[in-house]
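One-letter residues, chain by chain:
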Amino acid sequence: MWESGDYDTGPISAAKNGLHTDGFHQRGHSWFVSTDIPSDFLVQIGDITFHLHKFPLLSRCAKMNRIIYESRDGEINKLCLDDLPGGADAFELAAKFCYGVAVNLTATNISGLRCAAEYLEMTEDLEEGNLIFKTEAFLSYVVLSSWRDSIVVLKSCENLSPWAENLQIVRRCSESIAWKACANPKGIRWQYTGKPRSSSNESSPSRGSHVPPDWWFEDVSILRIDHFVRVVTAIKVKGMRYELIGAAIVHYGSKWLPGLAEGAAAAASSDEGCSISSISNAAWIPGGGLHVICAGNQEFPTTVQAKDQRMIVESLISIIPQQRDCVSCSFLLRLLKMANMLKVAPALVTELEKRVGMQFEHATLSDLLIPCFNTKETIYDVDLVQRLLEHFLMQEQSEGSSPARHPSSDSKMYDGPPRGSHLNAKMRVARLVDSYLTEVARDRNLSLTKFQVLAEALPESARTCDDGLYRAVDSYLKAHPTLTEHERKRLCRVMECQKLSMDACMHAAQNERLPLRVVVQVLFSEQMKISNALALKEGGESQYQPMVPNRKTLLEGTPQSFQEGWTAAKKDINTLKFEVESVKAKYSELQSEMEALQRELSKLAKPKQASAWTSGWKKLSKLTKMTEGNDNGSQVATADHTRKAPRRWRNSIS
């Protein structure tokens, strides 16, 4: 059904024109007609010369009729047709047809011959069953009914622009391929045209064999990018699943741009300075593809090869389905890396960044390490990661604000499988950002502001543990030893000491690069954790048991260097605690001494001397009070003596 071998359709030929010939033969760069009549007309195409006769050509080619009869020189004997589509090969077949020589039509030569017939105007007005009619019939009834022939014809149209476009050959072949790709492949015969044939059984399985859903990927991947876009667009219209379309795009990109494939970075570094061949003139090599311009010195000349690569990247970005997860986030990031390297249109780069932000939680650290191609300020493009994170947060906010609303036209642009828990996605992104910060912190040119902005971009709820941020901060302090005390305090504000694990606290307690205030905060946080743990232990073994597995999990997630410094850090903590208590005691002692000195100073201060008049009045008032006191005392004594004394009873022992 869709398979075309070498069709035995029979050769085509024109009606006999009275000129007997045994065919054509070639000598060097010249073609001659095998006949006794000498040639009277030369046709030059490139470096190939055809020695022909006027009558067979003029009887079937309206263009030659018009050129010869409209020329001022009626005896014109030579014609140059360098712009003929299909070149000398197509004209050779057309000339044989004019002489009545049998011509075998195949999928390889039909597109060039059809365009040449249109160029020469070999219509039905001159003769019934002319070349245009016969080539058009072969295209419609033979080529378009075959999968393999449709691919071969579309591939052969690459050098026939714009004739193949104007004659609708590209459109018809693209729609034929799309229809067959979307049809159910079960129970049909199929074969690959892009892979080399090892055996007939492997290339053409039987009807009962299983056909994979991606059976058409290899075939369409041999097409030029503009024809591939036409095929994918037609497949979208026919309603194929977006996962398969995305997989086909990834397959095509990995084949023609090996930099998009896994592990291409190592291969690119070994091939520094290489360039690609022109796509229009490149022959397909199974398992190969086009070489990639490498990012050696990050400076790229505006060559034809770079333009071809840029066209491939731009085309792939434009045809990626709008549904989320139709292609992997890793592929999008590698495509974004090449887009920045090749300086793709800013609008397409922005669109690609938004697509990455939609599934940013699935990114990996190796894919995020994109070099900075625009400027040489930093090694890695930190601003790009900042924009990706902003797109992710905007998407999270829009989905979280209206989870139950009906999707509008804007939200339908990136519909697809529902995302998991928003909190889980943010936590994964937080771990990814912390790892990225740890890696880029080693760059001495990375400013503190960029580091701080990227670290604080995520909300506090995204991180339950700040060990990753602590590692990033420590790496930044190692790479930037000249930071001032204020800058180090500013840097350490991005992490919360309360969210550090016990091992991270142990490491931070003996980290000389951290400010003293941060070390004290870490010690206080650790003391609070120890107090809570002891309180739980005193409360009962049943309440303390659940903390053991959490401790083990925490130790497994921390670096080995943190675990090795446990004993030494514990001793340092005890020493620091003793020193703090000593400082407190000395402070209390100094405070008491200061108060005693103040009292001594107040005693040493002399009181002011009173005047004689004032002292006299004081003595007089004192004498008056003493006299009044004596009078009152005598009166009280007299009253007591006149009062009868109470009778006292003596208690006898007996």
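Scoring rules and cut-offs
- Think of each chain on its own: its residues are numbered from 1, step by step along the sequence as written.
- Thresholds applied to this predicted model are a pLDDT of at least 70 for local features of residues and 80 or more for the giving and counting of side-chain atom pairs; totals over whole chains, interfaces and linings are not thresholded and use all residues.
- In computing side-chain values, all of the structure's heavy atoms are included and hydrogens and water are not.
- Strands here mean DSSP runs of E at least two residues long; helices mean DSSP runs of H or I at least four residues long; both are numbered from the N terminus.
- A helix is expected to span 1.5 Å multiplied by its residue count minus one.
- Burial status follows relative accessibility: with a 1.4 Å probe on protein chains alone, a residue under 20% of its type maximum counts as buried, one over 50% as exposed, and anything between as partly exposed.
- When DSSP locates at least two bridges between a pair of strands, those strands are taken to pair.
- Stacked, tilted and edge-to-face pairs are distinguished by plane angle, under 30 degrees for stacked and over 60 for edge-to-face with tilted covering the rest, among Phe, Tyr and Trp rings (Trp via its six-membered ring) whose centres lie within 6.5 Å.
- Working rule: Lys NZ or Arg CZ, within 6 Å of ring centre, within 35 degrees of ring normal, means a charge sits over the ring.
- Here the axes come from fitting lines to C-alpha atoms, over the contacting stretch only for helices, and the angles between their N-to-C directions go from 0 to 180 degrees.
- With respect to orientation, any angle under 35 degrees is reported as roughly parallel, any angle over 145 as roughly antiparallel, any angle of 65 to 115 as roughly perpendicular, and every other angle as oblique.
- Left-handed describes a crossing whose near helix is turned anticlockwise from the far helix by less than a right angle; the clockwise case is right-handed.
- The contact criterion used is simple: two residues touch if any of their non-hydrogen atoms lie within 4.5 Å.
- Under the scheme applied, nonpolar residues are Ala, Val, Leu, Ile, Met, Phe, Trp, Tyr, Cys and Pro; charged residues are Asp, Glu, Lys and Arg; polar residues are all the others, including Gly.
- As used here, the term nonpolar core means buried Ala, Val, Leu, Ile, Met, Phe, Trp, Tyr and Cys residues forming a set that is joined through side-chain atoms within 4.5 Å.
- Working definition: a disulfide is two cysteine sulfur atoms within 2.5 Å of each other.
- Predictor confidence is given residue by residue as pLDDT, running from a minimum of 0 to a maximum of 100.

### Remarks on helix H11 (residues 225-237)
Between its first and last C-alpha atoms H11 spans 18 Å; for 13 residues at 1.5 Å apiece the expected length is 18 Å, and the two agree. All of the buried residues in H11 are Ile225, His227, Phe228, Val229, Val231, Val232, Ala234 and Ile235.

### Section: the pairing of strand S4 (residues 48-52)
Regular strands have side chains that alternate between both faces of the sheet. Counting buried positions along S4 yields five of five residues, so the element is predominantly enclosed. The alternating pattern of S4 places Ile48, Phe50 and Leu52 and Thr49 and His51 on opposite faces, both of which are buried. Taken together, the three bridges between strand S2 (residues 30-33) and S4 define a ladder with parallel strand orientation. Across the sheet, the residue bridging to Trp31 is Phe50, located in S4. In terms of strand pairing, strand S3 (residues 41-45) meets S4 through five bridges, oriented antiparallel. Among the inter-strand pairings, Ile45 is bridged to a residue of S4, identified as Ile48. Following S3, the chain reverses through two residues before pairing antiparallel with S4; Gly46 in that reversal takes a positive phi of roughly 65°.

### Some details on the pairing of S2
Neither face of S2 is open: one carries Ser30 and Phe32, the other Trp31 and Val33, and all of them are buried. Bridge count for strand S1 (residues 24-27) against S2 is four bridges, and the pairing is antiparallel. By the bridge assignment, Arg27 is partnered in S2 with Ser30.

### A short note on the packing of aromatic side chains
Counted by the stated rule, this structure contains nine aromatic pairs. On the basis of an interplanar angle of 15° and a centroid distance of 4.1 Å, the ring pair of Phe228 and Tyr252 is categorised as stacked. Highlighted residues: Phe228 in helix H11 and Tyr252 in helix H12 (residues 242-256), separated in sequence by 24 residues. One aromatic cluster is present, formed by Phe228, Tyr252 and Trp256 through successive ring pairs. Across from the ring centre of Tyr119, 4.6 Å away, lies the NZ or CZ of Lys63, which sits over that ring.

### Quick word on the packing of helix H3 (residues 87-98) against helix H4 (residues 110-120)
Between H3 and H4, the shortest axis-to-axis distance is 9 Å and the interhelical angle comes to 70°. When the axis of H3 is compared with that of H4, the two are roughly perpendicular. For the crossing formed where H3 meets H4, the hand is right-handed. Residues Ala90, Phe91, Leu93 and Ala94 of H3 lie in contact with H4, whose contacting residues are Gly112, Leu113, Ala116 and Leu120. For the contact of H3 with H4, a count of residues per class yields seven nonpolar, one polar and no charged.

### Here's the deal with unusual backbone geometry
Omega for the bond connecting Ser161 with Pro162 falls within 30 degrees of zero, at 0°, which places this linkage in the cis form. Structurally, Pro162 can be placed in the loop between helix H6 (147-156) and helix H7 (163-166). The phi angle at Gln168 is positive, at roughly 65°, despite the residue not being glycine. Here the phi dihedral of Asp325 falls at roughly 70°; this positive angle occurs in a residue that is not glycine.

### Thoughts on the packing of helix H8 (residues 169-182) against H11
When two helices pack together, their arrangement is given by the angle between the helix axes and by the axis-to-axis distance. Viewed as axis vectors pointing N to C, H8 and H11 meet at an angle of 50°, and their least axial separation amounts to 8 Å. By the angle class used here, H8 and H11 are oblique. In terms of crossing hand, the pair formed by H8 and H11 is right-handed. Facing Val170, Arg171, Ser174, Ile177, Ala178, Ala181 and Cys182 of H8, the residues of H11 in contact are His227, Arg230, Val231, Ala234 and Ile235. Partitioning the contact of H8 with H11 into residue classes produces eight nonpolar, two polar and two charged.

### Looking at the nonpolar core
Counting residues in hydrophobic clusters, the biggest one holds 157 residues, and the most contacted among them are Leu52, Met64, Leu81, Phe91, Leu120, Trp216 and Phe360. Residue contacts for Trp216: discarding those within four places in its chain leaves Trp147, Ala181, Ile235, Met240, Leu244 and Ala248.

### Points about the state of the cysteines
For the structure shown, the criterion picks out zero disulfides. No disulfide involves Cys61; its nearest neighbouring cysteine sulfur is the one of Cys98, lying 4.0 Å away. In this structure Cys61 comes out as buried when scored by relative accessible area, which is 1%. With no disulfide of its own, Cys173 lies closest to Cys157 among cysteine sulfurs, the gap being 5.8 Å.

### Description of the environment of His480
Looking at where His480 falls in the secondary structure, it is placed in the loop between helix H21 (467-479) and helix H22 (485-492). Accessibility expressed as a relative area gives 9% for His480, which makes it buried. Residues His480 and Asp443 lie 37 residues apart in sequence; the distance between their C-alpha atoms is 8.8 Å. In this structure His480 touches Ala441, Asp443, Arg444 and Leu446, once residues within four positions along its chain are discounted.

### Side note on the sheet that holds S1
Note on sheets: strands pair through backbone hydrogen bonds, and any given pair is parallel or antiparallel. Spatial strand order, S1-S2-S4-S3-S5: five strands in an open sheet with mixed pairing. At either margin of the open sheet sits one strand with a lone partner, and together these are S1 and strand S5 (78-80). On average, each strand axis in the sheet is inclined to that of its neighbour by 20°, with strand direction left out of account. Strands S1, S2, S3 and S4 of the sheet are contacted by H3, whose axis makes an angle of about 10° with S4.

### Some details on the confidence of the model for the protein
Residue-level pLDDT values for the protein average 77, and 69% of them are 70 or greater. Here residues 263-302 scores under 50 on pLDDT; set against residues more than four positions off or in separate chains, the count is 70 contacts.

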